[in-house]
Amino acid sequence: MDIEKILQEIQEEIKPFMSQGKVADYIPALAKVDPDQFAMSVTLFDGTTHSIGCSDTKFSIQSISKVFTFTKSLNIYSKELYKRVGKEPSGNPFNSLVQLEYERGIPRNPFINAGAIVITDTLLSHYKNVNDTFEKVMDFIKAVAGDRAITHDQEVCDSEYAHGYRNLALANLMKSFGNLDNDVEDVVKTYFKHCSVTMSTKELSRAMLFLANHGTDPISNHRFITDNQAKRVNAMMLTCGHYDASGEFAFHVGLPGKSGVGGGIVAVVPKQMSIAVFSPRLNSWGNSLAGTQALELFSQKSGLSVF
Ligand code: GLU
């Protein structure tokens, strides 16, 4: 398979989609991003990365961070975790309050906002305070990415906090049902902090490689999680990684994947490679419009999918 050729074709074919969609503006600092950017990187098990577009440009990974926090929490709590968060697609927008009310404060899955906030709460209980928890999450991201220089964007974090009414509402609702152990403000602050981590597509595709290889980084041979845990994280990405468009993504792309409102999407081809795309304009479900299209083209042209 000629990955370089496939990527060159995608770069051309993606052009009509680049002007469609809308940059996330409910976090004001994210609205400032140049909407016309596009990047895609594919990392193979020998460490080779093929890229097109602005693949060194760092962007806000937002909900892609939920893959790292869920992995970390699953590794600590194992199946005990599912007492507090489910494993079913939500069929609802990422920040919906309605389902949470009638399901008595137990979020459907770890990738909708409420679920990710519970996951952050579990990490906060384990590591005790906001700074240590964030540092451990960063250590994990740096380790899987093989890059110690990854940081976060405090301006994006502060901007989300200043406008974080809905996430605070979700956290308060869960607290009222007894499904948050720590202080609401601390949990939400930690959550916004890990959402504001910035990475490029090159870094993100490299960071997902351990999930394409049953939990072991194929380059360093370091095992981060068990085979079983990697299977769970990938299954969760396939069924819940794109909110209420998870079915659409599985149907058109057919790979485990996770999106973020910063315009990034990561995807995993089990036993072969990991992929990251970035394009800030989003579709109506809050997923990168051109990014989703690029992944669909990639799976069509390469014939790669889990099905
Ligand atoms: N920090 C964002 C929020 O909570 C993440 C959403 C996303 O990336 O989908 O609204």
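The preceding data block contains the structure.
Scoring rules and cut-offs
- Residues numbered from 1 in each chain as written.
- Predicted model: local features only at pLDDT ≥ 70, side-chain atom pairs only at ≥ 80, totals over all residues.
- Heavy atoms only, no water.
- Near = heavy atom within 4 Å.
- Polar contact = N/O pair within 3.5 Å; in protein donor to acceptor, adjacent residues only side chain to side chain.
- Areas by Shrake-Rupley, 256 points an atom, 1.4 Å probe, with all protein chains shown as cover.
- Nonpolar A, V, L, I, M, F, W, Y, C, P; charged D, E, K, R; others polar.
- Buried < 20%, exposed > 50% of the residue type's maximum accessible area, 1.4 Å probe, protein only.
- Helix = DSSP H or I, 4+ residues; strand = E, 2+ residues; numbered from the N terminus.
- Arc of directions from axis to C-beta.
- Contact = heavy atoms within 4.5 Å.
- Phe/Tyr/Trp six-rings, centres within 6.5 Å; stacked < 30°, edge-to-face > 60°.
- Lys NZ or Arg CZ within 6 Å of the ring centre and 35° of its normal.
- Lys, Arg positive; Asp, Glu negative; His and termini not counted.
- Salt bridge = Lys/Arg side-chain N within 4 Å of Asp/Glu carboxyl O.
- Pairing = 2+ DSSP bridges.

A.B. asks: For the site of the ligand, give the residues involved together with the corresponding values.
C.D. replies: Every residue lining the ligand is accounted for by Y26, Q62, S63, F94, N113, E160, N167, Y191, C195, Y243, G260 and V261. With respect to the ligand, the side chain of S63 contributes an N or O atom lying 2.7 Å from an oxygen atom. Residue E160 places a side-chain N or O atom 2.7 Å away from a nitrogen atom belonging to the ligand. Burial of the ligand by the protein chains amounts to 100% of its free accessible area of 300 Å². Its residues assigned to classes, the shell around the ligand comprises six nonpolar, five polar and one charged.

A.B. asks: Which residues make up helix α6 (residues 154–162), and what are the values?
C.D. replies: For an α-helix, 3.6 residues make a turn, and residues three or four places apart therefore share a direction. Listed in full, the buried residues belonging to α6 are V156, C157, S159 and E160. Across the axial projection of α6, the buried residues extend over an arc of 165°, all falling on one side. Looking at the buried positions of α6, the neighbouring elements they touch are β4 (59–60), α7 (165–176) and α8 (184–195). Capping of α6 at its N-terminal end is provided by D153; its side-chain oxygen lies 3.0 Å from the backbone amide nitrogen of E155.

A.B. asks: I'd love a proper account of the packing of aromatic side chains, names of residues and values included.
C.D. replies: Enumeration over the complete set of coordinates arrives at seven aromatic pairs. Centroid distance F210 to F224: 5.5 Å. Interplanar angle 70°. Geometry classified as edge-to-face. Placement of F210 in helix α10 (residues 209–212) and of F224 in the loop between α10 and α11 (227–240) is noted, with a sequence separation of 14 residues between them. Across the pair, exposure class does not vary: F210 and F224 are buried alike. Within the aromatic cluster, the residues linked to one another by ring pairs are F140, F210 and F224. Residue placement shows K87 over the ring face of Y82; its charged tip is 4.9 Å from the ring centre.

A.B. asks: So what's going on with the side chain of K258? Which residues, and what values?
C.D. replies: Checked against the element boundaries, K258 lands in strand β7 (residues 257–259). Buried within the structure, K258 lacks any salt-bridge partner; its nearest side chain of opposite charge belongs to D244, at an N-O separation of 10.0 Å. A polar contact is formed between the side chain of K258 and the backbone oxygen of G241, at a distance of 3.0 Å. Contact partners of K258, with chain neighbours within four places excluded, come to S63, I64, K66, V67, F111, M237, G241, H242, Y243, G264, I265 and V266.

A.B. asks: Account for the pairing of strand β2 (residues 39–44), with residues named and values stated.
C.D. replies: Burial analysis of β2 places six of its six residues in the buried class, the great majority of the element. The alternating pattern of β2 places A39, S41 and T43 and M40, V42 and L44 on opposite faces, both of which are buried. Relative to strand β3 (residues 49–53), β2 runs antiparallel, the two sharing five bridges. Pairing of S41 across the sheet is with S51, part of β3. Where β2 folds back onto β3 in an antiparallel hairpin, the turn is made up of four residues, including G47, whose phi is positive at roughly 95°. Direction of pairing for β2 relative to strand β9 (residues 273–278): antiparallel, over a ladder of six bridges. Residue pairing across strands places S41 opposite A276, the latter belonging to β9.

None of the figures reported here should be taken as evidence of function without further support.
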